[in-house]
Amino acid sequence: MGDCLFCKIIDKEIPSEILYEDDSVIAFKDVNPQAPIHILVIPKEHIESARDIDKDNCHVIGHIFAVIRDLAKELGLDEDGYRVVNNCGKHGGQTVSHIHFHILGGRQLSWPPG
Ligand code: 5GP
Ligand code: ZN
């Protein structure tokens, strides 16, 4: 998608600290970390939000969760745990319209969210 920030990160037009990449998924450090470890995991396919998951693209969402599991292990988050967040739409606080899953870890996180 022409002016999508995360598509530009996928295309390496915008630099990012990439931790994992394969044919369908990329994971990179969030530029404004909210925890000691804050990673974004996204599909390479431009899916706008969780509202746009359907039977044709849902396989990549499952794959993303397998990538999240492996990354969390590699980053040493497995034992103490971590949080996976997807913000969807205006009330969800989504600011980039390319679906993404935050991995937050390395400190005790509170609940409920603000
Ligand atoms: P959202 O608020 O949409 O759930 O999350 C968007 C995330 O993208 C935010 O945590 C924000 O810090 C991150 N972000 C925005 N622009 C950039 C960027 O240019 N590079 C990286 N690595 N992260 C970004
Ligand atoms: Zn995009």
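In what follows, the structure referred to is the one given above.
Everything in this summary refers to the structure shown in the same document. (Residues numbered from 1 in each chain as written. Chains lettered and ligands numbered in written order. Predicted model: local features only at pLDDT ≥ 70, side-chain atom pairs only at ≥ 80, totals over all residues. Heavy atoms only, no water.)

What follows concerns the coordination of the zinc ion (ligand 2). Six octahedral donors around a metal ideally subtend angles of 90 or 180 degrees, whereas four tetrahedral donors ideally subtend 109.5 degrees. Within the protein, Cys4 (SG), Cys7 (SG), His46 (ND1) and His98 (ND1) serve as the donor atoms for the zinc ion (ligand 2), at 2.0 to 2.3 Å. For the zinc ion (ligand 2), the four donor atoms are set out with angles of 104 to 116° between them, so the coordination reads as tetrahedral. Here the donor residues of the zinc ion (ligand 2) share one chain and are spaced in sequence as C-x2-C-x38-H-x51-H. With Cys4 in the segment before helix 1 (5-10) and His98 in the loop between helix 3 (89-92) and strand 5 (101-105), this residue pair connects regions lying 94 residues apart in the sequence. Across this residue pair, the class does not change: Cys4 and His98 are buried. (Donors = N, O, S within 2.8 Å, 3.2 Å for Na, K, Ca; no water. Tetrahedral: all angles 85-135°; square planar, octahedral: opposite > 155°, others 65-115°. Helix = DSSP H or I, 4+ residues; strand = E, 2+ residues; numbered from the N terminus. Buried < 20%, exposed > 50% of the residue type's maximum accessible area, 1.4 Å probe, protein only.)

As a further point, take unusual backbone geometry. Cis geometry marks the peptide bond from Trp111 to Pro112; its omega dihedral reads 5°. By secondary structure assignment, the location of Pro112 is in the segment after strand 5. You will see that Lys12, though not glycine, has its phi angle at about 65°, which is positive. With respect to the secondary-structure elements, Lys12 resides in the loop between helix 1 and strand 1 (18-21).

What follows covers the site of ligand 1. Residues in close proximity to ligand 1 total 16 residues, the closest being Asp30, Asn87, Thr95, His100 and His102. Take Val96: an N or O atom from its main chain is 3.2 Å from an oxygen atom of ligand 1. At a separation of 2.8 Å, an oxygen atom of ligand 1 approaches a polar side-chain atom of His100. Alone, ligand 1 offers 520 Å² of accessible surface; in the complex the protein occludes 82% of this. Judged by the fraction of its atoms near the pocket grid, ligand 1 is located in the second largest pocket. (Near = heavy atom within 4 Å. Polar contact = N/O pair within 3.5 Å; in protein donor to acceptor, adjacent residues only side chain to side chain. Areas by Shrake-Rupley, 256 points an atom, 1.4 Å probe, with all protein chains shown as cover. 1 Å grid on protein atoms, 1.4 Å probe; cavity = no way out; pocket = protein on both sides within 12 Å on 5 of 7 lines; lining within 4 Å. Sits in = over half its atoms within 2 Å of the grid points.)

Under the criterion given, the structure shown has five salt bridges. The network of salt bridges with shared partners includes Lys12, Glu21 and Lys44. (Salt bridge = Lys/Arg side-chain N within 4 Å of Asp/Glu carboxyl O.)

In this structure, the largest pocket occupies an estimated 400 Å³ of space. In terms of lining, the largest pocket is formed by 18 residues, of which the most central are Gln34, Val85, Asn87, His102 and Leu104. Sorting the residues of the lining of the largest pocket by element identifies strand 4 (82-85) and strand 5 as the ones contributing at least two each. Tallying contributions element by element places strand 4 first for the lining of the largest pocket, with three residues. Here the lining of the largest pocket is built from residues that sort into eight nonpolar, seven polar and three charged. One number sums up the size of the second largest pocket: a volume of about 290 Å³. Along the wall of the second largest pocket there are 19 residues; nearest its centre are Phe28, Lys29, Asp30, Val31 and Leu40. Where the lining of the second largest pocket is concerned, the elements lending two or more residues are helix 1 and strand 2 (25-29). (Points joined across faces, edges and corners; volume = space filled by probe spheres on them. Nonpolar A, V, L, I, M, F, W, Y, C, P; charged D, E, K, R; others polar.)

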